[in-house]
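# Results of the structural survey
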Amino acid sequence: MTQDLHSDIQAPAKIDIIGFLARFAPLIFLIVLMTGFALDEPRFLTPLNLFNVLRQVSIYGLLAVGMTFVILTAGIDLSIGSLVAFAGLVAAAVSKGGLSNRFTVGAGQEAASHGWYLAAFAAIAVGLAGGFLQGFAITRLKVPPFVVTLGGMSAFRGGALLFAAGGPISGFEPGFVWMGQGRIFGQVPVPVIIFLAFAVLAHVVLRYTRYGRQVYAVGGNPEAARLSGLNVRAVTTSVYVIMGFFAGLGAFVLAARLNSAEAVAGTGYELTVIASVVIGGTSLFGGVGTIFGTVIGTILIGVLLNGLVLMNVSAYIQQIIIGIIIVLAVAFDTFAKSRRRTS
Amino acid sequence: MAEPLLRMTLIGKRFPGVQALDDAGLEVLPGEIHALLGENGAGKSTLIKILSGAQQPDTGTIEFGGQMVTMASPHDAQRRGIVTIYQEFTLAPNMTIAENVFIGREPGPGVFVNWRKMAAETRAITARLGLELRPMSIVRELRVAEQQMVEIARALSMKSRLIVMDEPTSALSSSEVEKLFRIVRDLKAQGLSIIFVTHRLEEVMQVCDRYTVLRDGRLVGSGSIADATIDGIIRLIVGRQVSALFAHREETDVGDVVLKVDGLFRRGNAQDQNASVLADVSLEVRRGEIVGIAGLVGAGRTEMARAVFGADPFDSGRVLIEGREVHIRSPQDAIRHGIGLVPEDRKQQALFLALAVRTNLSMASHMKILHWGMFIDEEAERAMVEEYRKKLNIRMASPEQLIASLSGGNQQKVTLARWLALGPKVLIVDEPTRGIDIGAKVEVHNLLFELARSGIAVIAISSELHEVLAISDRIVTMREGRVTGEIKREDANEEILMSMMTLSAKAA
């Protein structure tokens, strides 16, 4: 009995410090970083620069929100960069009025042109299909996510190169371009609104719905989830579909912002996106993490890169710094996990 | 009497919450086959782990070959000539027999391996065992019995003086057992000593020279097999007064049959496709009844529970709920038909360690606290947690506390509450009190009584005989995937149960 009492009273305090750090370390780090940059370079804290930083990260952010679902189930998706390129090209072609018109110059005034929503719909449909295919391979063919999405990374890129047939597709109708370049209230970039709106939606899903609970349960202990009557296979498939949705949406916003889609778009996005999620405190072992953390992690990487640019730090050194931060974030995660296990 | 080869005295070992060994001891003479006996949890495994250097004792001494020694590591023990063959083999399945025999000690110049020499020496050793195994065969392709021989060959190649075998016959057919015994007797004739850890008393009588019995971590008896009887040894093994702490179940009214399992078969396991995991398992549980399932490790108790719950597939047989046949292919199906399972390994199979008590408790019953079909009503969820905190006396600081920070007993109560919240007709509990302290055990027992009183049909699997006797109305024993008997609680005692679950059907 005394043992019960001890573990009841002592253990929570121990856990809470680790839990507190896991939750707020990224935020604290972000604040420290922003203060540092602001002291060093006064231009950093202007609204214009801050909104620019947010606009730069909004596409990474959309992808990171999807990636949070995947990593919560202890999965990974390496294919997103390629899927973004493929879905972007399809959206661009739809906007231009079909495959045959896709290289028409100009915003489509002369050629047939469709509204932005059809383009968005097409990009998202491609993303959903790609995500479902991969989810199916993972849960039914029992191929590890790392391998399936590594295959997807190659296959979707190949599809994009085939589809583009060499050249970029550029020049969309104004409504499409506004989704990437427009501002609301003259200040707030539209991609930032899209990113934050979907982040809030994802937060509500993970935090307040039955489905959200199931994602955490499947990631935390798939066997216990199965024995509790959860459909582990369906949940696992669904997170890749959700990732596909965000890849499609991200592809649409990216094409709109650049007013162009090309087959090499999105190269290397997977690393930045996974880094954002992990730095935001989501565990690669599954079952632990929040959308709030992912948003902070995404902004953290954006601020870091932006600040380093303002301080004239070479792009090569930026890559080294990002690499080191990822390893440190995972090291902390491993440490936190071992504490959970032994307590 | 000759000077013993091994003398372990006053060995004590404490794990968090459990005194695993307390005054345990073991003496083995040179050139004898020694049986180490005891119930599950009596401390045999811990004693063997200490002997093999895998764990360090808190107190006590080990003398080996006339010298005081400390076994700092398994490697240290092997260097001194003590090799342990565990139930789970430690072979590398994709490598050859010769590589496995000489793993870590490959002969050859420098960093290279002299394959010719390794094969020749392996052949010499297998010949000494009277075996015809090709040194270059891949271990994966061997049968279980042959893999065991590879383990023995490895032990011989290390110039062992003492070989410890943990349940060596549990995976063997009877002809393979005969062969093993012949080899073991040969080894004895060559001057080696062998420790047999086993539950099968018939085999002990057949092959062993002397025995040692542990109970509750203590040495309770040892002697020569020639002077012993099976009955006498069983009495030593179980011989406790049933602890006064355990409440006995009162007479209860039982109702109609709720769960009927009829002729369950399941073939094949990872090691042997032809083995039967479950062979013609049938049983009935009535409303308000607690049926205890007794059997040794590997008897098929857990496999039966998992098959009924849909966690593992089965090949043939029927499951009936309230007289109607139901088709259960997944835990979801089982839950829909009102069956719940508290699995044997709490941490691996039941708990979400990174989640709060609240989320752990409600995991199977989200449907009851849903609004708008998708949102969890946290108000209702907290009320649910509060209800079961009171009913089950779960001690926690807050429902938001991580489940990992609760004690084992309270974790187990949360797992039980997860099923109670669903209102099951049948609840299967597998080792419900494993790894929790004595006070919490009594609470869990009382809880099971209460569940039965509320009309739930309960199946309780336990390796602790006094627990089975304390909580069951009726006890079914299993061995090797078969039901070997059924007995009413009032007609049973530990000796009877032990013989029902250890002796083969014809001997019993």
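Structure first, text after, so check above.
Residues numbered from 1 in each chain as written. Chains lettered and ligands numbered in written order. Predicted model: local features only at pLDDT ≥ 70, side-chain atom pairs only at ≥ 80, totals over all residues. Heavy atoms only, no water.

Per the secondary structure count, chain B includes 17 helices and 22 strands. In terms of overall dimensions, chain B is globule-like: its C-alpha atoms have a radius of gyration of 25 Å, near the 23 Å expected for 508 residues. In terms of principal-axis extent, the alpha carbons of chain B reach across some 75 × 50 × 45 Å. Residue burial in chain B is summarised as follows: out of 508 residues, 56% are buried. Long-range contacts, defined here as pairs at least 24 residues apart, represent 68% of the contacts in chain B between residues at least 6 apart. Here chain B displays about 21500 Å² of accessible surface, and carbon together with sulfur accounts for 49% of that area. Both charge centroids of chain B, one from 61 positive and one from 66 negative side chains, sit 3 Å from each other. (Helix = DSSP H or I, 4+ residues; strand = E, 2+ residues; numbered from the N terminus. Rg over C-alpha atoms; globule rule 2.2 N^0.38 Å. Buried < 20%, exposed > 50% of the residue type's maximum accessible area, 1.4 Å probe, protein only. Contact = heavy atoms within 4.5 Å. Areas by Shrake-Rupley, 256 points an atom, 1.4 Å probe, with all protein chains shown as cover. Lys, Arg positive; Asp, Glu negative; His and termini not counted. Charge placed at Lys NZ, Arg CZ, Asp CG, Glu CD.)

Moving on, we come to the environment of Ile-471 of chain B. All names here are of chain B. Tracing the sequence through the fold places Ile-471 in helix 16 (residues 465-471). For Ile-471, a relative accessible area of 1% puts it in the buried group. Residues Ile-471 and Arg-489, 18 residues apart in the sequence, show an inter-C-alpha distance of 8.9 Å.

With the rule as written, the count across this model stands at 14 aromatic pairs over all chains. Ring plane angle 85° and centroid distance 6.0 Å describe the contact between Phe-198 of chain A and Phe-246 of chain A, whose orientation is recorded as edge-to-face. One end of the pair, Phe-198 of chain A, is in helix 7 (residues 190-208); the other, Phe-246 of chain A, is in helix 10 (residues 232-258), and 48 residues separate them in sequence. Note on Trp-372 of chain B and Phe-375 of chain B: the rings are 6.1 Å apart at their centroids and 80° apart in plane angle, and the pair reads as edge-to-face. (Phe/Tyr/Trp six-rings, centres within 6.5 Å; stacked < 30°, edge-to-face > 60°.)

For the rest of this paragraph, the subject is the interface of chain A and chain B. Contacts between the two partners involve 31 residues from chain A, matched on the other side by 46 residues from chain B. The interface formed by chain A and chain B contains 3 salt bridges. Between the two partners, chain A and chain B, sit 10 residue pairs in polar contact (both at pLDDT 80 or more). Of all elements in the fold, only helix 1 (2-40), helix 7, helix 8 (210-220), helix 9 (222-227) and helix 13 (315-342) of chain A reach the threshold of two or more residues within the side of chain A that touches chain B. Looking at the side of chain A that touches chain B, the element that brings in the most residues is helix 1 of chain A, giving 7 residues. When the residues that make up the side of chain A that touches chain B are grouped by side-chain class, the tally is 13 nonpolar, 9 polar and 9 charged. (Salt bridge = Lys/Arg side-chain N within 4 Å of Asp/Glu carboxyl O. Polar contact = N/O pair within 3.5 Å; in protein donor to acceptor, adjacent residues only side chain to side chain. Nonpolar A, V, L, I, M, F, W, Y, C, P; charged D, E, K, R; others polar.)

On to the nonpolar core. The biggest cluster of nonpolar side chains holds 101 residues, and the ones touching the most others in it are Leu-63, Met-67, Leu-89, Phe-252, Ile-291 and Val-303 of chain A. In terms of residue count, helix 10 of chain A provides more of this core than any other element does, 14 residues in total. Apart from residues no more than four positions distant in its own chain, Phe-252 of chain A is found in contact with Trp-116, Ala-119, Ala-120, Ala-123, Phe-176 and Met-179 of chain A. With 73 residues, the next largest nonpolar core counts Ile-328, Leu-353, Leu-448 and Ile-461 of chain B among its residues. (Core = buried A, V, L, I, M, F, W, Y, C linked by side-chain atoms within 4.5 Å.)

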